[in-house]
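Summary of the model geometry
Here's the letter readout for the chains.
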Amino acid sequence: MLGEAARAAGYRLIIRDEVASTMEEARRALDQGDPGQLWIVARSQSAGRGRHGRSWGSPPGNLYASLLLVEPCEMALAPQLGFVAGLALHDAAAKITGLTAPQLALKWPNDLLIGRAKTAGLLLEGESRAGRFAVTIGMGVNVASRPGDTPYPASFLKEIASSATVETLLAALSDAWLARFRAWSLPGGFGPTRAAWLERAAFLGETITLRLSEGPLSGRFSGLDAFGRLELDTDDGRRVIDAGDLYFGAPA
Ligand code: BTN
């Protein structure tokens, strides 16, 4: 069930048993003319996908959700929605676990960490259909279990809060999304969104290694620019990065 505020604001929910991927379900809804503000949640996925073409293991017990938004903003601003969704995930997980930053943190660009172990990931996809621009935000949250085969440490909510369920998380998450999205939609809204994100950022001020198409790049994570790109102070000066992956732990 969605939260009360989300329902009052017109958000709708479809719950499915098993699907290939909620991202495909959202695309289908868009193709059928859905007006957006639609949450699609599946109990499990047979072909869940993560960023960079990776698969996302999706057994029952965790949250697999896609939020379809139609014309939510100018197309150029859509990548910022990842920060909005990250903050909503952080708010919801904080409500359920009682944890705050830095224990509960956001990892650029799109992960939620507990104690530096990945608890949730986000996948943003944008497309245009019949002149309508749509963004689908996929959210995978480890609630009851963590995957056993990740190349990074992983955690799950029940480890911290034994009463955590997909239902309580979804109610908190959908209301948190509404509040964060409204704040971001105000004129100049990315400024406060970026500041709130940075207050919860993992590795800020630390030496990190980014996995880029050109190879690994190490430097000090010094902030986010006005577009949400990561600012990295390297031996050769400041680099501004808009796509890449952070390694956990020591630089490679
Ligand atoms: C990542 O960290 O790589 C992003 C993971 C996103 C997984 C979610 S689960 C719900 C939605 N459906 C998918 O197939 N993927 C996203």
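Residues numbered from 1 in each chain as written. Predicted model: local features only at pLDDT ≥ 70, side-chain atom pairs only at ≥ 80, totals over all residues. Heavy atoms only, no water.

**A word on the site of the ligand**
Near the ligand, the surroundings consist of 20 residues, among which Ser21, Gln45, Arg49, Arg51 and Lys118 are the closest. Between the ligand and the protein, one listed contact pairs an oxygen atom with a backbone N or O atom of Arg51 at 2.7 Å. Side-chain polar atom of Lys118 to an oxygen atom of the ligand: 2.6 Å apart, as the coordinates give it. A total of 420 Å² of accessible area belongs to the ligand in isolation, and the protein chains cover 99% of it. Placement of the ligand is best described as lying within the largest pocket. Ranked by the residues each element gives to the shell around the ligand, the list is headed by strand β6 (residues 117-129), at four residues. Looking at the shell around the ligand, its residues break down into seven nonpolar, nine polar and four charged. (Near = heavy atom within 4 Å. Polar contact = N/O pair within 3.5 Å; in protein donor to acceptor, adjacent residues only side chain to side chain. Areas by Shrake-Rupley, 256 points an atom, 1.4 Å probe, with all protein chains shown as cover. 1 Å grid on protein atoms, 1.4 Å probe; cavity = no way out; pocket = protein on both sides within 12 Å on 5 of 7 lines; lining within 4 Å. Sits in = over half its atoms within 2 Å of the grid points. Helix = DSSP H or I, 4+ residues; strand = E, 2+ residues; numbered from the N terminus. Nonpolar A, V, L, I, M, F, W, Y, C, P; charged D, E, K, R; others polar.)

**Considering the packing of helix α3 (residues 81-97) against helix α4 (residues 166-185)**
For any two helices packed against each other, one specifies the crossing angle of their axes together with the interaxial distance. Between α3 and α4, the least distance of the axes is 8 Å, while the angle of their chain directions is 135 degrees. Classified by the interaxial angle, the pair formed by α3 and α4 is oblique. Where α3 crosses over α4, the handedness of that crossing is right-handed. Touching Leu81, Val84, Ala85, Leu87, Ala88, Leu89, Asp91, Ala92, Lys95 and Ile96 of α3 are Thr168, Leu169, Ala172, Leu173, Ala176, Trp177, Arg180, Phe181 and Trp184, all from α4. Along the lines of polarity and charge, the residues of the contact of α3 with α4 split into 15 nonpolar, one polar and three charged. (Axes fitted to C-alpha atoms, helices over the stretch in contact; angles between N-to-C directions. Parallel < 35°, antiparallel > 145°, perpendicular 65-115°, else oblique. Left-handed = near helix turned anticlockwise from the far one by under 90°. Contact = heavy atoms within 4.5 Å.)

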